[in-house]
Amino acid sequence: HDNGGSPYRISPNNAGVLDVRTSYGTNNRDDFIEVTGTRVTDGQTWAVTPIPYKILERLVLQLRSTDAVFVGEGVTLLMAETAGIRVESGALALRGAPPARVTVRGAFEAPGYWDMISFASNSPGNVIQGAEIAHGGAASDFDFTGDVESSIRVEDGGLVRIEDSIIRGTKAAG
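Draft legend 1. Examining the packing of aromatic side chains more closely. Scanning all chains against the criterion turns up two aromatic pairs. Ring geometry for Phe 108 versus Tyr 113: centroids 5.8 Å apart, planes at 50°, classification tilted. On the basis of relative accessibility, which here comes to 53%, the residue Phe 108 falls in the exposed class.

Spelled out as structure tokens, the structure:
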């Protein structure tokens, strides 16, 4: 059945309800799950799905300090040109393991295509492990002073642990 677009559009606060067993149809014009909205306020786990998630906007995680958004093994996040993730409070945990890495990459594979992942939160739960981050660094202002051309930014007072990951195709700095 042709849906004429993507098979599913969801708020980032509801992305944790999706799973690998769900069929999203075939012959869609766009084979990805559209994630639209800017604020994430609920801790949750984003599980692997048969098709990638496409982040359409800048997501800002504003979680309770004890909550996290977990992105599990094998998940792919396609980032739209204006997309990025900023962790203001709570934690973001990208936890993959080769060969089932978490992949965060531009919807178009070019250096600096999308914004960045920025950590303002100092949660010890902020982790990028077994991930591949590609094509970030679109010179965002993301409320910073000046342009930042990197895929990952740790803001003053922020914290993230990066292990066994690949960061590539960044516009300027990783």
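On we go from here.
Draft legend 2. Representation of the sheet that holds strand β5 (residues 53-55). An order of β1-β2-β5-β8-β11-β14-β17 is seen for the seven strands of this open sheet, with the pairing classed as parallel. Both outer strands of the open sheet, β1 (8-10) and β17 (166-168), are each paired with one neighbouring strand and no more. Taking each pair of neighbouring strands and ignoring which way they run, the sheet shows an average axis angle of 20°. The sheet contact formed by strand β2 (residues 33-35) and β5 spans three bridges and is parallel. Bridging from a neighbouring strand, Ile 33 pairs with Tyr 53 of β5.

Draft legend 3. View of the pairing of strand β14 (residues 131-134). Residue alternation in β14 divides its side chains into two sets, Ala 131 and Ile 133 and Glu 132 and Ala 134, and both sets are buried. Here strand β11 (residues 102-106) pairs with β14 via four bridges, running parallel. When the sheet's bridge partners are listed, Val 102 is paired in β14 with Ala 131. Bridge count between β14 and β17: three bridges; the pairing is parallel. Bridging across to β17, Ala 134 finds its partner in Arg 168.

Draft legend 4. Molecular detail of empty space enclosed by the protein. Taken as a whole and assessed by the stated rule, the structure comprises one cavity of 30 Å³ or more. Of the voids in this model, the largest cavity is the one considered here, and its volume is about 70 Å³. Val 40, Trp 46, Leu 59, Leu 61, Val 69, Val 71, Leu 77, Ile 85 and Leu 92 together form the lining of the largest cavity. Here the lining of the largest cavity is built from residues that sort into nine nonpolar, no polar and no charged.

Draft legend 5. Region of interest: the sheet that holds strand β12 (residues 117-119). Read across the open sheet, the five strands follow the order β3-β6-β9-β12-β15; overall the sheet is parallel. Of all the strands in the sheet, just β3 (39-40) and β15 (152-154) have a single pairing partner and so form its edges. Both β3 and strand β6 (residues 58-62) contribute to a ladder of two bridges, which runs parallel. Bridging from a neighbouring strand, Val 40 pairs with Leu 61 of β6.

Reading guide: rules and limits
Residues numbered from 1 in each chain as written. Predicted model: local features only at pLDDT ≥ 70, side-chain atom pairs only at ≥ 80, totals over all residues. Heavy atoms only, no water. Phe/Tyr/Trp six-rings, centres within 6.5 Å; stacked < 30°, edge-to-face > 60°. Buried < 20%, exposed > 50% of the residue type's maximum accessible area, 1.4 Å probe, protein only. Pairing = 2+ DSSP bridges. Helix = DSSP H or I, 4+ residues; strand = E, 2+ residues; numbered from the N terminus. Axes fitted to C-alpha atoms, helices over the stretch in contact; angles between N-to-C directions. 1 Å grid on protein atoms, 1.4 Å probe; cavity = no way out; pocket = protein on both sides within 12 Å on 5 of 7 lines; lining within 4 Å. Points joined across faces, edges and corners; volume = space filled by probe spheres on them. Nonpolar A, V, L, I, M, F, W, Y, C, P; charged D, E, K, R; others polar.

Fair warning: the whole summary comes from geometry, so function is off the table for now.
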